[in-house]
Amino acid sequence: MELLNNFPLWIALISILFAQGIKIPLAYIASKKWDLTLVTSTGGMPSSHSAAVTSVSTAIGIEHGFDSALFAICMVFGVIVMFDATGVRRHAGYHATVLNQLVVDFNKFVTEAKSWQQKEETEKREELKELLGHQPIEVFFGGLFGVLIAVIGHYVLFG
């Protein structure tokens, strides 16, 4: 039953769900298209990774003190996750964009050389995911979102 009362765990999960869910209306505002697949996608505004690590860090700080070793551990790992989201994963997304263009160009060549279009869809390769990482602003707002969810959750849900 202790698991049900684990505020840092629950607030991190809630932050992830809210951050993923809010991507749909935000994307609709930007593109005027509903895309429900954003709930399970990586990348986009706000960063659910950042929301999760900042909300769990904030919750740990509230429960154990912002001067505790546990809070320090959470913060260090949180910074690493957020740095990774804007660095390595973002550049992997750039590489995926270039690779996808190469695949498109190659497919155009194959179409001219053979009858590529007559093949079954299952034989064609799936495009690489280009939204792997985040822009710094997406990480910032994901982090801010996580802190707000943790503070509100502490006083409303677990207060």
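Up top is the structure.
Notes on the structure in this doc start here. This is a predicted model, so every value here is computed, not measured.

Focus: the packing of aromatic side chains
And step 1. This structure, assessed with the given rule, holds two aromatic pairs.
And step 2. On the numbers, 4.3 Å between centres and 10 degrees between planes, the contact of Y28 with W34 is stacked.
And step 3. Given the relative accessible area of 29%, Y28 is considered partly exposed.
And step 4. Overall, the relative accessible area of 58% leaves W34 in the exposed class.
And step 5. Centre to centre, the rings of F66 and F71 are 5.0 Å apart; their planes meet at 80 degrees, and the pair counts as edge-to-face.
And step 6. Accessibility expressed as a relative area gives 14% for F71, which makes it buried.
And step 7. Taking the ring centre of Y28 as reference, the NZ or CZ of K32 above it sits at 6.0 Å.

Overview of unusual backbone geometry
And step 1. Residues other than glycine seldom take positive phi values, yet K32 does so here, at roughly 60 degrees.
And step 2. In this structure, K32 sits in the loop between α1 (7-31) and α2 (48-64).
And step 3. K32 gets classed as exposed once you look at its relative accessible area, which sits at 59%.

Parameters and conventions
- Residues numbered from 1 in each chain as written.
- Predicted model: local features only at pLDDT ≥ 70, side-chain atom pairs only at ≥ 80, totals over all residues.
- Heavy atoms only, no water.
- Phe/Tyr/Trp six-rings, centres within 6.5 Å; stacked < 30°, edge-to-face > 60°.
- Buried < 20%, exposed > 50% of the residue type's maximum accessible area, 1.4 Å probe, protein only.
- Lys NZ or Arg CZ within 6 Å of the ring centre and 35° of its normal.
- Helix = DSSP H or I, 4+ residues; strand = E, 2+ residues; numbered from the N terminus.

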